[in-house]
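# An overview of the molecular structure
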Amino acid sequence: MLDHYLDIRVLPDPEFQQSMLLGALVSKLHRGLVGIDADDIGISFPAHQTDPRTLGDVLRLHGTADRLHELTGLRWLTGMRDHVDRGGIRAVPDGAAHRVVRRRQYKTSAERLRRRRMRRHDETYEQACAQVPDSVERQVTTPFVTVRSSSTGRAFSLFIEHGDCGPDPVPGAFSTYGLSRTATVPWF
C-alpha cells in the first residue's frame, strides 16, 4: 500500500537545465530501485504539464514508510545533493485521488520505421519509402526525461504519461523506473 511519499525538488542551476538534472535524478533513482529490487515504489511528477511540455521540478516517490526509508538509506542521491532539495517522508493526505503513471513509447520517426522495414523485409530504401510515408510521423506532447539504463548503459527518452484520476487505489507492481501500466499512485 502506497501510504507515504517523499518529494525531491530540482533546484535552479545556472549551469544545467532543469530537464537535464531531472533526467540525472530519475537515472539515479532507477539504479537505487534496481539495488533494492523494488517493485513496490512508484513515482509521479506533481508539476507536470503538456503545454508547455515539462515534467516540472518535483519528483514524488510513493511507497510504504519502511520501503522509502530503505531507499533513502542507499545514498542513491550521491552527486545530486547540491542540485536537489529532499523533503521528509510523509503520510499521504486523506482523500487523495489515484492515477496511473506510465511509460509511453512512440513510433514517431518515419526514417526509423523505414530502416526497420528494410531490415525485416529485405527491402530497398525506395520500397520502404513507398510503404512508410512521411505522414506516419506524429507530434508527441507527452513530457519526457532522458535517462540512462542500468542494464544497457544506453541513454533514451523516457516519455511519462499521467493517466486519469480516480477515487480508488489499484494495487500492482512498478518497474525499476517507478512506473506501471495498471498500478496507481496517490495524487494530491
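Up top is the structure.
Keep in mind that what you see is a predicted model, and the values were worked out from it rather than measured.

Another aspect to go through is the nonpolar core. Among the nonpolar cores identified, the biggest contains 34 residues, and Leu25 and Leu61 are the most heavily contacted of them. For this core, the element with the highest residue contribution is helix α1 (residues 18–35), accounting for six residues. Setting aside chain neighbours within four positions, we find Leu25 in contact with Ile8, Val10, Leu59, Trp76, Leu77, Met80 and Val84.

This brings us to the pattern of salt bridges. According to the stated counting rule, one finds nine salt bridges in the structure shown. As a salt-bridge pair, Glu161 and Arg102 come within 2.8 Å of each other at their nearest N and O atoms. Of this pair, Glu161 sits in strand β10 (residues 155–166) while Arg102 is found in strand β8 (residues 97–104), placing the two residues 59 residues apart along the sequence. The buried category is assigned to Glu161, whose relative accessible area is 18%. Given a relative accessible area of 22%, Arg102 falls into the partly exposed group. Arg117 is paired through a salt bridge with Glu123; the nearest N and O atoms lie 2.9 Å apart. A relative accessible area of 23% places Arg117 in the partly exposed class. Given the relative accessible area of 18%, Glu123 is considered buried. Counted as one network, the salt bridges with shared partners bring together Asp40, Arg67 and Glu70.

Bringing α1 into the picture now. Between its terminal C-alpha atoms α1 stretches 26 Å, which fits the 26 Å expected from 18 residues at 1.5 Å a residue. For α1, the set of buried residues is Leu21, Leu22, Gly23, Leu25, Val26, Ser27, Lys28, Leu29, His30, Gly32 and Leu33.

Let us look at the packing of aromatic side chains. As enumerated under the stated definition, the model contains three aromatic pairs in all. Aromatic side chains Tyr5 and Phe188 sit 4.8 Å apart centroid to centroid with 65 degrees between the ring planes, which places their arrangement in the edge-to-face category. With Tyr5 in strand β1 (residues 4–10) and Phe188 in the segment after β11 (184–187), this residue pair connects regions lying 183 residues apart in the sequence. Judged by centre distance (6.0 Å) and plane angle (90 degrees), the ring pair of Phe156 and Tyr177 falls under edge-to-face. Separated by 21 residues along the polypeptide, Phe156 in strand β10 and Tyr177 in the loop between β10 and β11 bring together distant segments of the chain. Between the NZ or CZ atom of Arg99 and the centre of the ring of Trp187, over which it lies, the distance is 4.4 Å.

Looking now at the pairing of β10. Looking at chain direction, β8 and β10 are connected through six bridges and run antiparallel. Bridging across to β10, Arg102 finds its partner in Glu161. As paired elements, strand β9 (residues 144–148) and β10 share five bridges and run antiparallel to each other. If you follow Phe144 over to β10, its bridge partner there is Phe159. In this antiparallel pair of consecutive strands, β9 and β10, the connection spans six residues, and Gly153 shows a positive phi of 80 degrees.

Let us look at the side chain of His83. The topology assignment puts His83 in the loop between α2 (65–72) and β6 (84–86). Classification of His83 as buried rests on a relative accessible area of 15%. Side chain to side chain, His83 and Asp13 meet in a polar contact 3.1 Å long.

What counts as what
Starting afresh in each chain, residues are numbered from 1 along the sequence in its written order. For this predicted model, a pLDDT threshold of at least 70 governs which residues receive local features, and a threshold of 80 or more governs which side-chain atom pairs are given and counted, while totals over whole chains, interfaces and linings are taken from all residues. Side-chain numbers come from the whole structure's heavy atoms, not from hydrogens or water. Only buried residues count toward a nonpolar core, which is a set of Ala, Val, Leu, Ile, Met, Phe, Trp, Tyr and Cys residues joined through side-chain atoms within 4.5 Å. Under the scheme applied here, a residue whose accessible area is under 20% of the maximum for its type counts as buried, over 50% as exposed, and between as partly exposed, the area being computed with a 1.4 Å probe on protein chains only. Put simply, DSSP H or I for four residues or longer makes a helix, DSSP E for two residues or longer makes a strand, and each gets a number counted from the N terminus. Working rule for contacts: check all heavy atoms of both residues, and any pair within 4.5 Å makes them a contact. We count a salt bridge whenever a side-chain nitrogen from Lys or Arg sits within 4 Å of a carboxyl oxygen from Asp or Glu. To estimate how far a helix should extend, the number of its residues minus one is multiplied by 1.5 Å. Here the aromatic set is Phe, Tyr and Trp, taking the six-membered ring for Trp, and pairing holds for ring centres within 6.5 Å; pairs whose planes are under 30 degrees apart are stacked, those over 60 apart are edge-to-face, and all others are tilted. Only Lys NZ and Arg CZ are tested; either one counts as a charge over a ring when it is within 6 Å of the ring centre and within 35 degrees of the ring normal. In short, DSSP must find at least two bridges between two strands for them to pair. Counted as a polar contact is a pair of N or O atoms within 3.5 Å, where, for protein atoms, one must be capable of donating a hydrogen and the other of accepting one, and residues adjacent in sequence contribute only when both atoms are in side chains.

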